[in-house]
Amino acid sequence: NNEVGTLQPIKEIAAVAHEKGILFHTDAVQAVGSIEIDVADMGIDMLSLSGHKLHAPKGVGALYLRKGINIKRLMYGGSQERGQRPGTENLASIVGLGAAVEKAACSLEERTGKIRNLRQRLEAEILCRVPGSYRNGPDDETERLPGILNISFDGVSGESLLLCLDMRGVAVSSGSACTAGSLEPSHVLMAMGMEEKKAQASIRYSLSDQNTLKDVEMAAEITADVVERLRAAIDQ
């Protein structure tokens, strides 16, 4: 999940779908490059991935189709992409995506270990520095992506917190990029049973192997200061 980092039981879900004769597609944009994925073992028929999550050029992605699966085309015209999508291929971005995936696969364990340690440090620092802060998502590390941290803060507006952190140089989000511009509370957090007020006071931190311990400590320090200032302003 792209908001709280929960790893879904894909293999089990695929098995249920196949028992009913249903093809199974998974959106693996967050997972590719962060965890090991074996499409055959997991029973995945179709899988989507995006380059920007792997430090590849933005705007390039890929769709994996298990051999033998035919899909209806969305656009008509040329016969590129085996007749699936007309238009000249963006060769530079395709090569960039391939190189990024290869690099991610070769250093997967090392990179994810570093990212997980950074996320754990960020989580510990924020929860320690900020009273009334709560992490959202599973406790089991095996059920979490290494680089996503979602935290709720009592007594502040998520929108205000987002803007203030941005002004201080900390780039976070109030949900996923898919819901950018929406003032509604996260549908993910609401589905998890969270109260609307708490869901609206939640933000997501996303880390990569390009982040450093200094970044994490700075983000935690600024977050604590911003939350304290926002709470003080409300109490006045």
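Just above, that's the structure.
The following paragraphs examine the structure supplied in this document.

Parameters at a glance
- Residues numbered from 1 in each chain as written.
- Predicted model: local features only at pLDDT ≥ 70, side-chain atom pairs only at ≥ 80, totals over all residues.
- Heavy atoms only, no water.
- Pairing = 2+ DSSP bridges.
- Helix = DSSP H or I, 4+ residues; strand = E, 2+ residues; numbered from the N terminus.
- Axes fitted to C-alpha atoms, helices over the stretch in contact; angles between N-to-C directions.
- Contact = heavy atoms within 4.5 Å.
- Parallel < 35°, antiparallel > 145°, perpendicular 65-115°, else oblique.
- Left-handed = near helix turned anticlockwise from the far one by under 90°.
- Buried < 20%, exposed > 50% of the residue type's maximum accessible area, 1.4 Å probe, protein only.
- Salt bridge = Lys/Arg side-chain N within 4 Å of Asp/Glu carboxyl O.

Some thoughts on the sheet that holds strand E6 (residues 202–206)
Ordered in space as E4-E5-E6, the three strands form an open sheet in which the pairing is antiparallel. A strand with exactly one partner marks an edge of an open sheet, and here the two such strands are strand E4 (133–136) and E6. Direction aside, the axes of adjacent strands within the sheet are offset by 30° on average. Relative to E6, strand E5 (residues 148–153) runs antiparallel, the two sharing five bridges. Paired with Ser152 across the two strands is Ser202, which belongs to E6. Sheet strands in contact with helix H5 (residues 108–129) are E4, E5 and E6, and its direction is about 10° off that of E5.

A word on the packing of H5 against helix H9 (residues 213–235)
Contact geometry of H5 with H9 gives a least axis separation of 9 Å together with a crossing angle of 25°. Classified by the angle their axes make, H5 and H9 are roughly parallel. Of the two elements, H5 crosses H9, and the hand of that crossing is right-handed. On the side of H5, the interface is formed by Leu118, Arg121, Leu122, Glu125, Ile126 and Arg129, while H9 contributes Leu213, Val216, Glu217, Ala219, Ala220, Glu221, Thr223 and Ala224.

Describing unusual backbone geometry
Working note: non-glycine residues mostly have negative phi, and peptide bonds are mostly trans. One non-glycine residue with positive phi stands out, namely His55, at about 70°. Looking at the secondary structure, you find His55 in the loop between strand E2 (46–50) and strand E3 (61–65). Overall, His55 belongs to the partly exposed group, its relative accessible area being 45%.

Points about the pattern of salt bridges
One pass over the full model with this rule turns up 13 salt bridges. For Glu141, the salt bridge identified is with Arg119, shortest N-O distance 2.9 Å. Here Glu141, found in the loop between E4 and E5, pairs with Arg119, found in helix H5; they are 22 residues apart in sequence, far enough to count as distant. By relative accessible area, which is 0% here, Arg119 ends up buried. Of the charged contacts, one joins Glu141 and Arg144 as a salt bridge, the two residues approaching to 3.8 Å between their closest N and O atoms.

Quick word on the sheet that holds E2
The mixed open sheet is built from three strands, whose spatial order is E1-E2-E3. The open sheet has two free edges, formed respectively by strand E1 (25–27) and E3, since each of these has just one partner strand. Neighbour-to-neighbour, the strand axes of this sheet turn through a mean angle of 15°, independent of strand direction. Sheet analysis places E2 next to E3, joined by five bridges and oriented antiparallel.

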